[in-house]
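Take a look at the letters that make up each chain.
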Amino acid sequence: MKVSPRRNRKALVIGGGAPNSTLIAGALAAFLAEGVEFDVISASGAGVLMGLLATAPRDASPQAALMQWAEVGVADSIYKLFPVNYKVFKKPGAQAESYRDAMLNQFQQMPGLAASPFAAMFSQHFADASAKWNDWMHLMMSALSPSDLHSGSLGLCAHLPFLEQSIDFSAVPRMAPEFYINAYNLDRHRMQIWSKDQITPAHVRASLSFPFLYAPTEIDGEHYIEGAALDTLNFTPFITDPETGVAPASEVDTLVVLDILGEDRLIRKPRNLYDAWVRSIITPLVKISQTEQRLFELEHNRDPLTGAPLRQVLKVDLMAGVPQDHWPQVLDWSASNMQLLFQVGYRAGVDFCRQHGELLGAQAQDAPLAA
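Attention in this report is confined to the structure presented alongside it. For clarity, every value in this text was computed on a predicted model and none was experimentally measured. (Residues numbered from 1 in each chain as written. Predicted model: local features only at pLDDT ≥ 70, side-chain atom pairs only at ≥ 80, totals over all residues. Heavy atoms only, no water.)

**Quick word on the overall build of the chain**
Turning to step 1, where the next piece is worked out: When its secondary structure is counted, the chain shows 12 helices and eight strands.
Turning to step 2, where the next piece is worked out: Here the chain has roughly 17200 Å² of accessible surface; of this, 55% comes from carbon and sulfur atoms. (Helix = DSSP H or I, 4+ residues; strand = E, 2+ residues; numbered from the N terminus. Areas by Shrake-Rupley, 256 points an atom, 1.4 Å probe, with all protein chains shown as cover.)

**Concerning the layout of surface pockets**
Turning to step 1, where the next piece is worked out: Here the second largest pocket is characterised by a volume of approximately 410 Å³.
Turning to step 2, where the next piece is worked out: For the second largest pocket, the lining is made up of 24 residues, of which L32, V36, E37, F38 and P177 are closest to its centre.
Turning to step 3, where the next piece is worked out: The set of elements that each furnish at least two residues to the lining of the second largest pocket consists of strand 1 (10–14), helix 1 (22–33) and helix 2 (46–55).
Turning to step 4, where the next piece is worked out: Considered class by class, the residues forming the lining of the second largest pocket number 15 nonpolar, five polar and four charged. (1 Å grid on protein atoms, 1.4 Å probe; cavity = no way out; pocket = protein on both sides within 12 Å on 5 of 7 lines; lining within 4 Å. Points joined across faces, edges and corners; volume = space filled by probe spheres on them. Nonpolar A, V, L, I, M, F, W, Y, C, P; charged D, E, K, R; others polar.)

**Some thoughts on the pairing of strand 2 (residues 40–43)**
Turning to step 1, where the next piece is worked out: Along strand 2, one buried face is formed by V40 and S42 and the opposite face, lined by I41 and A43, is buried too.
Turning to step 2, where the next piece is worked out: Assessed by its sense of winding, the connection that carries the chain from strand 1 through helix 1 to strand 2 is right-handed.
Turning to step 3, where the next piece is worked out: With four bridges connecting them, strand 2 and strand 3 (residues 178–185) associate as parallel partners. By the bridge assignment, S42 is partnered in strand 3 with Y180. (Buried < 20%, exposed > 50% of the residue type's maximum accessible area, 1.4 Å probe, protein only. Right-handed = clockwise from strand over helix to strand, strands pointing away. Pairing = 2+ DSSP bridges.)

**Observations regarding the pattern of salt bridges**
Turning to step 1, where the next piece is worked out: Using the criterion set out here, one finds 12 salt bridges in the structure.
Turning to step 2, where the next piece is worked out: For K196, the salt bridge identified is with E178, shortest N-O distance 3.8 Å. Taken as a pair, K196 in the loop between strand 4 (190–195) and helix 9 (201–207) and E178 in strand 3 lie far apart in primary sequence, 18 residues in all.
Turning to step 3, where the next piece is worked out: Across the salt bridge formed by E222 and R188, the nearest N and O atoms sit 2.8 Å from each other. One end of the pair, E222, is in strand 6 (residues 222–226); the other, R188, is in the loop between strand 3 and strand 4, with 34 residues separating them in the sequence.
Turning to step 4, where the next piece is worked out: Under the relative-accessibility criterion, E222 is labelled buried at 18%.
Turning to step 5, where the next piece is worked out: In the salt-bridge network here, residues are joined through shared partners; they are R271, D275, R279 and D332. (Salt bridge = Lys/Arg side-chain N within 4 Å of Asp/Glu carboxyl O.)

Here it is in structure tokens:
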């Protein structure tokens, strides 16, 4: 009897990195448009949110949710004066939470407010108001928001108050691909991996609790910080556990990597004090990401007897299309940067799918999402 060859099982690794995360959003939108599906998704940091928007968005299609993420940037005219994304990073505390809920209830009663999984986060589209005016309104509301921030606080911001309005957590266990996220357990001093059957909003918040920006997230009496602060790429599901002798997602033939941190051009002279602070976070992560990829390919993706690769590893060159003169702005939360990076990521994703279409099982759709 003739035995059919086993289907090529594909996995996607989505790395961390927040300000330039629309590169990843664009690439994921391209994968969707090209009909590329993955059997396993492993994500860390901001990649967790991007992966969930692509697989389990609330009240929107995956393509629409990813495109809406590209709209989270602050209008350029405001960002030049106040270079902080107050639409994403909210003030912490119970009073601030009550204030946001009250403001949201008022917005929902206004005619013309567009339905969107990000409506609770941004309340972005009034029928007769420009994006710039909306951003000024959000700045005013953020400035007026109360807060319980004080010298004893463990983090600057509220933990993703928009999360449940963006992700359908009831759909996460039912999603087609296996899905893994990571967070670092401060009490046990080890990295924790959760699968889709375990993921709740608290686990996602833990996976995004970058130190100083967010306080550690407590789950069952233990405290977690963002896994990407230490492992920018969550390769652990593809590494054999020395205790069990297996890896959770070991049966994978092709591994596609979306990385937006392992790029030397991110290490550069800052433009101002705020940019210097952002780059103080990013600079060590660049080398961590590069080291992780080398270590995985040289040690963890090799047959111990033959030295042959256990699976094919392909990296999407997400940043190849970034204009040379735009690199100083590539970590900005400005509207123009986030929109540009979405387009760059989308084109990189399409090019990648066309180059590896047969291996990926690409089935291009009729119309692209981005020009």
